[in-house]
Amino acid sequence: MRKIKGNAFIFGHNIDTDQIIPGRYLELVNPKEIAAHCMEGADPTFADRVNAGDIIVAGKNFGCGSSREHAPIALVNVGVGAVIADSFARIFYRNAVNLGLPLLICKGIMEKVNEGDVLEINLKEGKVSNISTGKSFNGEQLSDYALEILSSGGIKPLFKKITAEM
Amino acid sequence: MHALEKILASHAEKDVVTTGEIIKAKVDLAEVNDLYLQTIYSFYEMGGKKVWDKNKICFVFDHYAPAPTIKTAQIHKEMREFVQKNNLTHHFDINTGVCHQVMHEAGLVYPGMILVATDSHTTTHGAFGAFGTGVGATDMATIMISGELWFRVPEIVEIEINGKLRPGVMAKDVILYILGKLGADACVYKAIEFCGTYIEDLDVAERMVICNMAVEMGAKTAYMVPNQKILDYIKTRTNKEFEIYDTDEDFVFAENFVFDINNLTPQIAVPHSVDNVVSIDQLPEVRIDQAFIGACTGGRLEDIQAAAEILRGQKINPRTRLVIIPASNEVLLNAIKFGFIEDLIKAGATLSTPGCGPCLGAHQGVIAEGENCVTASNRNFPGRMGSTGGSIYLASPATTAASALMGKLTDPRTFLKGENI
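Note that the structure is predicted; figures quoted are calculated from it, not measured.

Colleague: Would you mind going over the nonpolar core with me for this structure?
Modeller: Here is a general trend for soluble globular proteins: nonpolar side chains tend to be buried in one another's company. In this structure, Met39, Phe46, Phe62, Leu75 and Phe92 of chain A together with Phe59 of chain B are the most contacted members of the largest nonpolar core, which totals 111 residues. If one sorts the elements of this core by residue count, helix α5 (residues 137-146) of chain B sits on top with six residues. The two domains that each donate at least three residues to this core are domain 1 (3-241 + 249-259) and domain 2 (270-411) of chain B. Residues in contact with Met39 of chain A, not counting those within four places in the same chain, are Phe11, Ile15, Gln19, Ile20, Pro44, Phe46, Ile56, Phe62 and Leu75 of chain A.

Okay, here's the thing in structure tokens:
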């Protein structure tokens with residue numbers, strides 16, 4: 001699995017999918033156009049400031065609300081390398097894993113990271129290293145099935161194998 | 001095992017499932033709404049050719065009904081082409097209503113089924129004793145190809161609600177109150193069974209309101225033991241045979257919560273979180289620019305009736321808009337038949353055609369920066385119904401109607417006629 005390393009962008013608790021991608025953009029189908037509005041409901045400058053591989057750090061219940069897959073589509077296509085949070089909403093979690101966006105549950109992460117810190121994630125071990133402070137933290141390890149999907153680059157490559165045999 | 005676990009086990013062809021286990025379960029009905037053209041793209045990207053069962057996939061055009069923009073018209077067009085190409089039996093176009101209303105009206109929802117939809121409010125169907133849960137586009141595409149989906153068997157939380165509501169207080173107030181007490185992340189990854197004396201005798205529409213907003217606590221699904229009212233309703237809609245699973249007596253819930261609602265007052269979720277809930281009498285004066293009655297939470301006949309009873313013979317505040325969107329054409333026709341629509345239009349309401357309306361900020365009454373909206377719908381996140389600079393107050397249909405009348409957040413019990421509060 002590829003290395004995940006980038007600068008931290010910190011958001012709060014209960015970041016809902018309307019903040020990740022406001023409803024008015026759900027008519028968009030082009031991933032790049034969707035990505036241009038990523039996190040606009042929480043921080044309208046985010047899509048311009050984020051660099052490929054950067055990491056979102058948030059509190060409880062990240063991705064709550066609507067089932068819209070536009071939310072992880074926006075995050076993946078704007079270049080977010082991973083999201084670390086205290087917890088994730090269920091549908092968002094499934095959607096992100098399906099699209100190959102790494103997620104890590106790490107309780108209390110917001111207190112351990114400052115905006116802009118350089119973070120590195122070892123997904124297999126569920127570990128976060130804060131390069132800027134020199135400290136490391138343990139998150140929850142992903143289930144084997146979720147890791148299998150992520151290491152395949154999402155569920156689409158996995159499912160292509162199934163349909164090829166049908 | 002719990003009834004929900006038995007539903008999962010029977011669909012996974014297993015005798016027993018245990019909490020935390022990952023299983024693959026067969027899906028009885030998969031519903032796609034018109035926000036999810038991506039479902040079709042993912043279907044083809046993954047090598048899909050034909051859907052697994054043309055009778056078990058249902059397309060509903062509700063979020064963009066009728067199409068407000070050229071882009072959404074294009075989405076409808078491509079989805080219609082897919083429906084026709086696959087010869088799908090169940091397609092609800094722009095002339096029907098919200099998925100969580102039209103599916104059970106059409107007899108597609110029954111106890112013991114697994115219903116998966118591209119909509120988070122699919123928990124609604126727990127009111128019928130179904131296992132209803134929301135997924136995204138690519139998960140849905142995998143179902144359209146294979147007819148099954150992986151599930152993690154969830155922890156199950158019991159929420160017991162006892163008592164009887166006072167006049168002017170509605171099911172929406174009950175679920176807002178519980179949300180306020182437990183929080184928006186209380187049941188993430190978990191299932192909820194609602195029970196108690198209040199639930200046992202509850203009407204179909206009110207049961208749906210409670211289960212609908214279970215997802216606002218993060219729940220994967222919601223469940224209520226089907227009562228006689230539900231069984232009678234289903235009988236009028238379908239002849240399908242179904243099984244009602246019983247929860248074993250020795251089943252232990254992951255958590256139990258008990259609420260007494262005998263003295264509950266109208267509740268409001270104030271901006272910008274669904275669990276930011278207070279009793280209406282604790283709020284300062286809040287000016288209301290728009291009031292909305294509609295969507296999968298608050299657009300049923302009972303909701304429109306509650307508004308009509310408050311507004312009959314009255315005029316809403318001239319500085320306030322009241323948008324009414326019935327949840328389905330059947331609801332609209334009944335509301336016309338009973339005279340509620342005439343009452344509401346004469347009171348100054350704006351009527352729009354069945355669908356999700358402004359609930360998700362797509363069209364039919366979005367709000368501007370600095371505006372306050374009181375709504376019978378389900379979410380008050382920043383920007384949910386339009387401008388990020390707007391403020392959304394979640395309330396019951398009665399509170400919403402009373403607030404439109406006065407132009408400010410108003411306790412609907414003020415307008416009870418001859419009732420003891």
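Colleague: Explain the domain arrangement of chain B to me, please; I cannot follow it from the model alone.
Modeller: Quoted interface sizes are often the accessible area lost when the parts come together. Residues and elements named next belong to chain B. When cut into domains, chain B gives domain 1 (3-241 + 249-259) and domain 2 (270-411). Distance between the C-alpha centres of domain 1 and domain 2: 24 Å. The interface is formed by 37 residues belonging to domain 1 together with 34 residues belonging to domain 2. Carbon and sulfur atoms supply 59% of the area buried between domain 1 and domain 2, which totals about 2700 Å² over both sides. Contact with domain 2 buries area across many residues of domain 1, yet Val98, Met170 and Lys172 alone supply 20% of it, more than any other trio. In this assembly, domain 1 and domain 2 are joined by two salt bridges. Here domain 1 is connected to domain 2 by 16 residue pairs in polar contact (both at pLDDT 80 or more). Among the elements of the structure, α4 (99-105), α6 (171-182) and α8 (204-212) are those that each provide at least two residues to the side of domain 1 that touches domain 2. Counting residues per element, the side of domain 1 that touches domain 2 draws most heavily on α6, which supplies six residues. Counted by class, the side of domain 1 that touches domain 2 contains 18 nonpolar, 13 polar and six charged residues.

Colleague: Sorry if this is basic, but what is going on with the sheet that holds strand β1 (residues 4-10) of chain A here?
Modeller: Paired through their backbone hydrogen bonds, the strands of a sheet run either parallel or antiparallel. All names here are of chain A. Taken in spatial order, the seven strands make up an open sheet running β4-β3-β2-β1-β5-β6-β7, and their pairing is mixed. One side of each edge strand has no neighbouring strand; the edge strands of this open sheet are β4 (103-105) and β7 (135-138). Here the average twist between neighbouring strands, direction ignored, is 30°. Across four bridges, the pairing between strand β6 (residues 127-130) and β7 is antiparallel. Its bridge partner being in β7, Lys127 is matched across the sheet by Asn138.

Colleague: Is there a simple way to think about helix α7 (residues 144-151) of chain A in this case?
Modeller: An α-helical turn contains 3.6 residues, so any two residues separated by three or four positions project in the same direction. Regarding α7 of chain A, the residues found buried are Ala146, Leu147, Ile149 and Leu150 of chain A. Down the axis of α7 of chain A, the buried set is contained in an arc of 160°. They therefore lie on one face. Where α7 of chain A is buried, its residues touch α5 (90-98) and α8 (155-165) of chain A together with β7 (148-152) of chain B. Once α7 of chain A finishes, Gly153 of chain A follows within two positions and takes phi at roughly 85°, a positive value.

Colleague: Would you mind showing me how to read the sheet that holds strand β9 (residues 191-195) of chain B here?
Modeller: Residues and elements named next belong to chain B. Taken together, the four strands give an open sheet; going across it, the order is β10-β9-β8-β11, and neighbouring strands pair in parallel fashion. In this open sheet, the two strands that pair with only one neighbour each are β10 (221-223) and β11 (255-260). Direction aside, the axes of adjacent strands within the sheet are offset by 20° on average. As paired elements, strand β8 (residues 156-162) and β11 share six bridges and run parallel to each other.

Rules used in this analysis
- Residues numbered from 1 in each chain as written.
- Chains lettered and ligands numbered in written order.
- Predicted model: local features only at pLDDT ≥ 70, side-chain atom pairs only at ≥ 80, totals over all residues.
- Heavy atoms only, no water.
- Core = buried A, V, L, I, M, F, W, Y, C linked by side-chain atoms within 4.5 Å.
- Buried < 20%, exposed > 50% of the residue type's maximum accessible area, 1.4 Å probe, protein only.
- Helix = DSSP H or I, 4+ residues; strand = E, 2+ residues; numbered from the N terminus.
- Domains from an automatic or database assignment.
- Contact = heavy atoms within 4.5 Å.
- Buried area = accessible area lost by both parts, 1.4 Å probe.
- Salt bridge = Lys/Arg side-chain N within 4 Å of Asp/Glu carboxyl O.
- Polar contact = N/O pair within 3.5 Å; in protein donor to acceptor, adjacent residues only side chain to side chain.
- Nonpolar A, V, L, I, M, F, W, Y, C, P; charged D, E, K, R; others polar.
- Pairing = 2+ DSSP bridges.
- Axes fitted to C-alpha atoms, helices over the stretch in contact; angles between N-to-C directions.
- Arc of directions from axis to C-beta.

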